[in-house]
Amino acid sequence: MELTPTPEQRSFRDEVRAWLRGNMPRQWTARLAASSDVPRAEAYDLLRDWQRRLHAAGFIGLTWPREYGGRGLTFMEEMILAEEMALAKAPPVLNILGIGMAGPTIIAYGTEEQKKRYLPKILSADEIWCQGYSEPNAGSDLASLQTRAVRDGREYVVDGQKVWTSLAHTSDWMMLLARTDPDAPRHKGITYFLLDMHLPGVTVKPLRQITGDAEFNEVFFDGVRVHDSQVLGGVNNGWAVGMTTLMYERLALGFGLQMRLRIALDGLIEMARRAEKAGHAVTKDPVLRQKIAQLWIDTECLKYTGARAITRLLKGEMPGPEASTGKMGWVETHQRLQELAMEIQGPYAQLVKGSDWAVEDGLWQHAFLRSRANSIEGGTTEIQKNIIGERVLGLPKG
Amino acid sequence: MNFGFSEEQELLRATARKFLENECPSSTVRKLMDTPEGTTPEFWAKLAEQGWLGLIFPEAYGGVGLGVVDLVVLMEEMGRVVMPGPYLSTVLLGGLALLEAGSEAQKKQWLPKIAAGETRATLALTEPNARWDAQGVTATAAATGGGAFTLSGTKLFVPDAHVADLLVVAARTGPGAVGAAAGSEDGVSLFLVPRRAPGLEVTLLPTMDQTRKLCEVKLAGVRVPADALLGVAGQGWRPLRRVLERATVALCAEMCGGAQRVLEMTTEYAKIRIAFGKPIGAYQGVKHKAADMLVEVENAKSITYYTAWAVDENAPDATLAVSMAKACVSDAYRRVAGAGIQLHGGIGFTWEHDLHLYFKRAKSSEFTFGDATHHRERVAQLINL
């Protein structure tokens with residue numbers, strides 16, 4: 001066991017830290033406390049600009065091959081970057097689905113042309129990506145998806161509907177799973193397409209969420225014609241390609257989640273220091289001290305569980321059981337954190353943005369409501385538990 | 001970064017697992033826990049032969065000179081079989097106290113004997129007030145001239161005092177023993193006292209976890225000579241804290257090993273037990289609980305491994321890490337052991353099944369060196385809440 005950083009890692013950390021010190025966007029500071037959240041509509045321009053500047057400085061796509069705009073580094077540097085961004089309370093990157101999911105899947109399955117065409121623009125935030133998996137009748141049971149893609153010459157004609165599609169309204173491209181062989185067994189007849197969201201026949205309808213925002217959408221396909229060069233990883237091989245995306249999702253997004261949890265916890269402690277309960281600071285309340293300390297402990301545990309997973313990756317092994325626990329652990333901890341933020345505020349928890357009495361302009365209220373999605377998006381907690389039970393513990397399928 | 005174990009450590013794990021499976025199956029555990037000693041001279045001699053009684057003592061004192069990360073590997077395996085006997089008390093409490101606080105002569109005299117299995121030791125720290133901090137030490141050591149002391153007080157929850165040859169006793173010396181300074185870290189002294197010293201009375205207490213023997217130790221004017229003092233008079237708390245930190249990591253590792261075994265037993269059972277025509281592990285009510293158990297066990301291991309490294313390296317956050325680990329692992333082992341019984345159903349509640357050994361060990365371990373509530377408060381202090 002050797003956790004002391006090498007001189008190279010230390011100098012990479014210094015490089016990141018120095019850059020962040022001089023380049024944090026000034027407008028972001030007001031949003032700090034609840035910035036464990038995903039980007040809200042009004043922040044898009046700021047976040048796109050932020051990603052561009054990170055990219056210009058060489059901090060986007062650290063693990064990607066150099067020939068496609070990456071830096072050819074390891075997950076170790078990725079972890080250092082995430083830690084430093086958390087310490088600096090830096091904003092998240094906008095094109096998170098492109099960087100965390102579409103890109104790695106294209107690297108794994110794409111043709112040379114596809115890699116050259118898509119990867120650099122993902123990194124530079126010139127093209128934003130969304131993920132077209134879930135449908136009204138295919139959520140956790142993804143393999144029952146019904147969106148069709150019917151071959152017509154060199155093209156496929158896509159008809160159907162996706163739902164809960166985050167960022168679709170601002171996206172240029174979609175990772176689309178569609179059924180290309182309705183007669184094959186359900187996992188075998190699916191193909192993975194790289195779909196241009198600006199094609200005729202694509203309609204995006206925002207869905208209003210419990211936060212009041214509309215960050216996710218319904219997406220309708222009405223005779224959308226997609227060229228067959230847009231197939232990724234082979235016709236009717238979409239299930240395997242799609243699962244690769246999900247593996248990267250849990251892996252790569254883990255760094256971001258860890259970062260956001262840390263920022264949120266620091267923000268919560270700052271708020272707790274200022275808040276009073278029964279005449280004394282919340283941080284001096286014996287019960288709330290216990291709850292805050294528990295969140296601190298859980299956050300650190302998740303960090304080290306993540307570090308164990310990275311060790312396996314660095315050794316070239318597949319992620320072990322500790323990797324599959326990451327998302328579940330993060331979700332549970334983050335939701336508990338947001339509940340505690342409300343408890344600390346007491347009756348003020350009821351007030352949202354717009355009231356002068358609202359705590360920190362209602363940012364925590366938004367984050368609290370948004371956190372309910374955590375245990376649903378990216379695979380529900382119930383599905384994660386099935387995966388752990390069946391693939392890690394070897395329990396029989398139901 | 002390498003957050004994994006070395007080949008040597010994996011070899012130690014394999015050796016320990018094979019040894020303990022052969023020498024300490026649950027039939028043996030049950031036999032031993034029914035005896036007052038909790039071990040046999042033969043078994044103890046075999047632990048010495050393996051080098052485990054001196055694993056983390058320097059070679060100069062008859063030890064193997066390994067670190068806490070190595071110790072973690074061994075402790076996980078011992079916890080896996082709920083090994084009874086005075087290992088924790090002798091090696092990690094009495095032994096480490098000698099190593100941390102003792103003079104060169106004291107270390108040379110006793111540590112090789114502990115490593116060889118000839119001498120057993122323990123630490124008499126806690127009292128009826130059940131505190132793990134310096135304030136809990138109220139037993140007194142009155143100077144009687146010529147460097148000699150007379151010890152008085154009652155020590156409680158002392159592990160394996162009834163089979164120890166030597167007790168390291170924490171007591172207050174000098175003006176700190178009474179008055180305004182009482183309760184501070186200054187004034188705590190450590191004494192090396194033979195169990196057969198006149199005035200020292202040991203009573204074995206009946207405990208829920210029969211694999212861990214706890215004692216009451218009464219000190220009724222026990223007279224000790226000058227060379228019984230371990231380290232500097234009044235300055236015993238600092239070395240003691242280092243002892244407790246390492247013993248706590250070791251205990252956490254032992255708990256992780258036990259929790260891992262409960263998870264395995266439960267998973268194995270859920271695959272073969274049929275209800276309503278299917279293995280119960282196919283039902284999400286069972287499967288999801290098993291997944292929760294895995295998450296608890298993996299997080300408990302992660303923080304324990306990190307803490308072992310931090311303690312070995314004297315990392316700035318080592319003390320914080322120890323408290324994070326004990327808080328996390330205390331809750332995790334208790335919940336995992338409880339869930340194990342639940343998922344086994346009626347058979348899990350029988351004396352015949354081994355689960356209760358783990359469930360009870362989880363409970364005794366929870367309160368050893370401070371429970372989760374105690375350590376969460378320590379965390380709160382250390383992060384300046």
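Parameters at a glance
Residues numbered from 1 in each chain as written. Chains lettered and ligands numbered in written order. Predicted model: local features only at pLDDT ≥ 70, side-chain atom pairs only at ≥ 80, totals over all residues. Domains from an automatic or database assignment. Contact = placed C-beta atoms within 7 Å. Helix = DSSP H or I, 4+ residues; strand = E, 2+ residues; numbered from the N terminus. Nonpolar A, V, L, I, M, F, W, Y, C, P; charged D, E, K, R; others polar. pLDDT = per-residue confidence, 0-100.

**Considering the domain arrangement of chain A**
All names here are of chain A.
Consideration 1: By the assigned domains, chain A splits into domain 1 (7–123), domain 2 (129–236) and domain 3 (241–392).
Consideration 2: Between domain 1 and domain 2, the C-alpha centre-to-centre distance is 26 Å.
Consideration 3: Every contact between the two is made by 16 residues of domain 1 and, on the other side, eleven residues of domain 2.
Consideration 4: Of the residues forming the side of domain 1 that touches domain 2, the biggest block, seven residues, is contributed by helix H4 (residues 96–109).
Consideration 5: In the side of domain 1 that touches domain 2, the residues fall into ten nonpolar, five polar and one charged.

**Remarks on the domain arrangement of chain B**
All names here are of chain B.
Consideration 1: The domain boundaries assigned to chain B delineate domain 1 (7–115), domain 2 (121–234) and domain 3 (238–382).
Consideration 2: Taking only C-alpha atoms, the centre of domain 1 and the centre of domain 2 are 24 Å apart.
Consideration 3: If you look at the interface, domain 1 gives 21 residues, while domain 2 gives 18 residues.
Consideration 4: Counting only elements with at least two residues in the side of domain 1 that touches domain 2, the list comes to helix H2 (26–33), helix H5 (87–101) and helix H6 (104–115).
Consideration 5: Per-element tally for the side of domain 1 that touches domain 2: the top contributor is H5, with nine residues.
Consideration 6: A breakdown of the residues in the side of domain 1 that touches domain 2 according to their chemical character gives 13 nonpolar, seven polar and one charged.

**Some thoughts on the confidence of the model for chain B**
Consideration 1: Per-residue confidence for chain B gives a mean pLDDT of 96; residues scoring 70 or more make up 97%.
Consideration 2: Scored as a complex, the prediction yields pTM 0.94 and ipTM 0.95.

**Here we look at the interface of chain A and chain B**
Consideration 1: Across the contact, 35 residues belong to chain A and 37 residues belong to chain B.
Consideration 2: The leading source of residues in the side of chain A that touches chain B is helix H7 (residues 286–314) of chain A, at 14 residues.
Consideration 3: Per-class residue counts for the side of chain A that touches chain B are 17 nonpolar, ten polar and eight charged.

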